[in-house]
Amino acid sequence: MSTKDSTLTQEYLQSVFTYSNGNLYRKKTISNQVKGKIAGHLRKNGYCEIGILGKIYKLHRVIFLYHHGWMPNIVDHIDGNTSNNNIENLREANCSENIWNSRLNKRNKTGTKGVSWDKKSKQWIVSCSVNGKRHYLGIYKDLDVAKRIATWFRNKNHKNFARHK
């Protein structure tokens, strides 16, 4: 692989890098990249990026390709930590699954996804999405009941991708 526009392959990655504990290390010095040094850098958004053959890639995607020989459209961080690129923490996901596994929005005041306060009724509304469809799960006076309903629904429908907080 010698051109800037070449497709990245597992074979090429394994010839240039070694992998250990969620990091790639350069096997040889190329340009200003020193042999044995961790490849890539952490961005402000929490993702690590790496430059390979003149193109910037998210490190978790490259590590997935390094191990599996193919790169899915979406690579999900199981624990939600975008800088944890251990291969055991990476899995293929579709768009919905990736959203289901996202962290709780910082504006959420209930501490649980899918539960919100309805000012008009002065009660808790529960609604969650599956496959692009919003499911209304009821309105509750008790916040703990609302949280349990939302958690039950996500566990049932989001399965391994259910993240509640």
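Report on the accompanying structure. No experiment lies behind these values; they were computed from the predicted model shown.

Thoughts on the sheet that holds strand S3 (residues 41-42)
Thinking step 1. Spatially, S3-S4-S5 is the arrangement adopted by the three strands of the open sheet, whose pairing is antiparallel. Strands with a single pairing partner mark the edges of an open sheet, and in this sheet they are S3 and strand S5 (55-58).
Thinking step 2. Pairing geometry for S3 and strand S4 (residues 48-52), over two bridges, is antiparallel. When the bridges of S4 are listed, Leu42 appears paired with Cys48.
Thinking step 3. With respect to the sheet, helix H2 (residues 59-68) is in contact with S4 and S5, its orientation differing from that of S5 by roughly 80°.

Things to note about a positive patch on the surface
Thinking step 1. Taken together, Lys106, Arg107, Lys109 and Lys119 make up a surface patch of like positive charges.
Thinking step 2. Residue placement: Lys109 occurs in the loop between helix H3 (95-100) and strand S8 (115-118).

Topic: the sheet that holds strand S10 (residues 133-140)
Thinking step 1. The antiparallel open sheet is built from three strands, whose spatial order is S8-S9-S10. Of all the strands in the sheet, the pair left with one neighbour each is S8 and S10. Sheet twist, expressed as the mean angle between neighbouring strand axes with direction ignored, is 30°.
Thinking step 2. Where S8 meets strand S9 (residues 123-130), four bridges bridge the pair, whose relative direction is antiparallel. Note that in S9 the partner of Ser116 across the bridge is Ile125.
Thinking step 3. The sheet contacts of helix H4 (residues 143-158) involve S8, S9 and S10, and relative to S9 the element is tilted by about 5°.

What counts as what
Residues numbered from 1 in each chain as written. Predicted model: local features only at pLDDT ≥ 70, side-chain atom pairs only at ≥ 80, totals over all residues. Heavy atoms only, no water. Pairing = 2+ DSSP bridges. Helix = DSSP H or I, 4+ residues; strand = E, 2+ residues; numbered from the N terminus. Contact = heavy atoms within 4.5 Å. Axes fitted to C-alpha atoms, helices over the stretch in contact; angles between N-to-C directions. Patch = residues over 30% accessible without salt bridge, like charges linked within 9 Å, V, L, I, M, F, W, Y side chains within 5 Å. Areas by Shrake-Rupley, 256 points an atom, 1.4 Å probe, with all protein chains shown as cover. Salt bridge = Lys/Arg side-chain N within 4 Å of Asp/Glu carboxyl O. Lys, Arg positive; Asp, Glu negative; His and termini not counted. Charge placed at Lys NZ, Arg CZ, Asp CG, Glu CD.

By themselves these figures say nothing about function.
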